[in-house]
Amino acid sequence: MTSVEEPTDHTADPGAGGYAAARLRLLQEESRSGPSRRSALAGLTDEWLTSLFTAAARETGVRGAALVAVGGYGRAELSPRSDLDLVLLHDGKAEPRALGALADRLWYPVWDLGLALDHSVRTPAEARKTAAEDLKVHLGLLDARSVAGDAGLLAGLRTSVLADWRNQAAKRLPQLHTLCRDRAERSGELRFLLEPDLKEARGGLRDITALRAVAASWLADAPREGLAQARRRLLDARDALHLVTGRATDRLSLQEQDQVAAQLGLLDADALLREVYEAARVVSYAGDVTWREVGRVLRARSARPRLRGLLGTRGAPAAARAPLADGVVESDGEAVLALAARPDRDPVLPLRFAAAAAQAGLPVSPHAVRRLAAQAKPLPVPWPAEAREQLVTLLGAGEPTVAVWEALEAEGLIGRLLPDWERVRCRPQRNPVHTWTVDRHLIETAVRASALTRRVGRPDLLLMAALLHDIGKGWPGDHSVAGETIARDVAARVGFDERDTAVLGTLVRHHLLLIDTATRRDLDDPATVRTVAEAVGSVGTLEILHALTEADALATGPAAWSAWRGSLVADLVARAAAVLRGTAPEAGEPEIPTAEQERLAVEALRTGEPVLALQARHEEDMVGVELVVAVPDQPGVLPAVAGVLALHRLTVRAADLRSTELPDRLGEVLVLRWRVSAEYGALPQAARLRTDLVRALDGSLDVPAKLADREAAYPRRRGVVPPPPRVNVVADVSSLATVLEVRAPDAVGLLHRIGRALESRGVRVRSAHVSTLGANAVDTLYVTTPEGKPLDAEDATALAGLVESALA
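Reading the values: rules and limits
Residues numbered from 1 in each chain as written. Predicted model: local features only at pLDDT ≥ 70, side-chain atom pairs only at ≥ 80, totals over all residues. Heavy atoms only, no water. Helix = DSSP H or I, 4+ residues; strand = E, 2+ residues; numbered from the N terminus. Expected span 1.5 Å × (residues − 1). Buried < 20%, exposed > 50% of the residue type's maximum accessible area, 1.4 Å probe, protein only. Salt bridge = Lys/Arg side-chain N within 4 Å of Asp/Glu carboxyl O. Pairing = 2+ DSSP bridges. Axes fitted to C-alpha atoms, helices over the stretch in contact; angles between N-to-C directions. Contact = heavy atoms within 4.5 Å. Core = buried A, V, L, I, M, F, W, Y, C linked by side-chain atoms within 4.5 Å.

Asks: Even after reading the chapter, I still don't get helix H13 (residues 349–360), so can you show me in this structure?
Replies: Given 3.6 residues per helical turn, the α-helix brings residues three or four places apart onto the same face. Over its twelve residues, H13 extends 16 Å from the first C-alpha to the last, a length consistent with the 16 Å expected when each residue adds 1.5 Å. Within H13, ten of the twelve residues are buried, leaving the element largely enclosed by the surrounding structure. Directly after H13, the chain includes Gly 361, whose backbone phi takes a positive value near 70°.

Asks: Is there a simple way to think about the pattern of salt bridges in this case?
Replies: Any two side chains of opposite charge can pair, given that their charged atoms come close. Within the structure shown, the criterion is met by 47 salt bridges. For Arg 38, the salt bridge is made with Asp 236, and the minimal N-O distance between the two is 2.9 Å. A residue pair is termed long-range when its members are at least 10 positions apart, and Arg 38 in helix H2 (residues 34–60) and Asp 236 in helix H10 (residues 227–245) qualify at 198 residues. The exposure class assigned to Arg 38 is buried, which follows from its relative accessible area of 4%. Between Asp 571 and Arg 575 there is a salt bridge; the shortest N-O distance is 3.0 Å. Of this pair, Asp 571 and Arg 575 both sit in helix H25 (residues 563–581), four residues apart, which is roughly one turn of the helix. Exposure remark for Asp 571: the relative accessible area of 30% places this residue in the partly exposed category. By sharing partners, the salt bridges in this structure join Glu 189, Arg 191, Arg 202, Asp 288, Glu 406, Arg 440 and Glu 444 into a single network.

Asks: For this particular structure, what's the right way to read the sheet that holds strand E2 (residues 84–90)?
Replies: Within a sheet, adjacent strands bond to each other through the backbone by hydrogen bonds, running parallel or antiparallel. Taken in spatial order, the four strands line up as E3-E2-E1-E4 in an open sheet, and their pairing is mixed. The outermost strands of the open sheet, each flanked by one partner alone, are strand E3 (117–122) and strand E4 (145–149). Pairwise comparison of adjacent strand axes, ignoring direction, gives a mean angle of 25° for this sheet. Across the face of the sheet, H2 comes into contact with strand E1 (65–69), E2 and E4 while running at roughly 35° to E4.

Asks: Teacher, can you tell me more about the nonpolar core here?
Replies: Nonpolar side chains in soluble globular proteins generally cluster together in the buried interior. With 91 residues, the main nonpolar core has Phe 353, Trp 383, Trp 405, Leu 418, Trp 421 and Met 464 as its most contacted residues. Dropping the residues within four chain positions of it, Trp 405 is found in contact with Leu 391, Leu 394, Leu 395, Ile 414, Leu 418, Trp 421, Ile 443 and Leu 467. In terms of nonpolar packing, the next biggest core, distinct from the first, is built from 49 residues, Val 625, Val 631, Leu 701 and Ala 757 among them.

Honestly, that's just the spatial picture; any functional story needs more than this.
What follows is the structure in structure tokens.
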């Protein structure tokens, strides 16, 4: 490339080295960030490309050409590793060879610097034709900006492209909406993802570009409140991500979030995610409102010619306004305020408006919500009965509640009604089992609870408990403990009496009690059921807590609830209700085995060897296998069975081990029930499992060595390092055994290693309860001395330490 005259400003050096050095200095300037840095980077790049273009045009003799920036570069939004989107426009008069030489002198220096480049060479007519055929090209040209050369070429093209966009809006905007929906299905919702794509996910930068395109059509415009700030937050986060990784990436991976947060001056990764989620919420809401308005306008346009034919010159009739509630009407498919509504004199109107819209399944008018936010009179404390009833009505409306709640939240109304909501709004949940942020999870729980209100005597308390059960997650410490205090304050504020306030406090404090106890404790231990009954206090509260537990799990994610978990919780509820009614069976009564378990146990006693049965389960929430193993009571059963399952690549989803003494028969039999699924491939045959189990018990199959060989052959993939295992002694939950609770990353052979550690100390496993949620396992084991007594405190602590060491 031939050199050109040295510019007076060294930052405009047309040489790649000069530009690269100036670019590096700019990116290292701590005082420059955000829009200022992006604009400066775009300006620096403009100067460099202008110098390249000027020199190349002089060398090749090409006239009538222009270098045009499109897309993000066209908007002067250059992040540190952004692509350069360029179009070389020409008037069609240059020789192809000269035009190709001009393009080469522009593209190759960019590639030599390692910058990503999206480029094309077109006449204005070709660019317009391509835009008509390709929606993405059309969108890019809407942001076209002249960098160098004949600016008139771009001026004419922009006029044509914008005119085409507006003239074809009825066709183009539905296509764009479909494009946005398809992208959302692929990439998910930005405000709920633990590793979000800042550009592609719904509520991200692509959606902001789409909203700009809608505004350019003059057909509709997005709500402006907060949108510019949201856009800046997302762009700033992407800038920091580029600087931290040194790559052109838009995915905010877990391992990079702390560094990105530090780059932005934020406290930690949670603060970063919350800012990103806040921005995405604004963008998503703006998109919902905008696309609804686009649909309304397009429907009106398509109906207008027919109306003219029917009405002649009289024009279209005024939109019908159907009453929904006092001060609330339906108009043109939306809930709006009645003409006579007076928000400044009616403090209940915001809740009545929201409840009426949700009950009717209608979206709310953003103009009405904005007016309520600006004019509504604050509610007195405690709330009047109507306000409380309207809140409960809103929560009980089902799925439509979500959109109405989000519309109120977008204008700040929820924060005014429930000040404690601020701490959970857009708060991330690091547990991968959770699908939603804390605030959205609470609303989803209310949605699920609305379908269960017929099961309880006080549906209002169920819905309020659903809304508040995780409200303590915005505070330090145990969120259930903190949440109880907050729930009591909110209940009193909303106008519940002292008795109902106490019930809501109990429901929030113990909202995890049933699921944790049912899946991690021995329900045949009288102390287990008695503890639950004492905590809940009454049959009515237990009834509500049962429904809340199911709603909470269903709203958490698919891994949190199953028919099996539901049956365990129902069993616990029935036992606790019997205690509360005074009709519980006497303590110590042995569990009656099922006919199948008794058959297997008899066979095990007769042969002196393990007997097992595999039964496929096909439930709507799970496809898997139930494995029942009966073994004459002997040492080493738990690690042997767990090890054999691991060798056969069966993933343990849940397990229950207990000792069963058959009536009128000598000897005890260990009965193990497992819920397992094949890691991949077909399920093993029962005969092969039994053969390996016999060998594992008699020592001819070295399970630890086989598992070690497998782990060595398939090393663990690199990724986020999970926290270390923890083993705790759980006090005061059983009078018959010592209870150990193991929390660890789920891994091949985990239960086998636990069993071996227990066997090495000579303790007896009375029962075991295994629960796997996502990548984490919680295993609860009831252990005794060989004589069947609980361990003393010192031995129990030592045993817990031994198991923890074995898993480290």
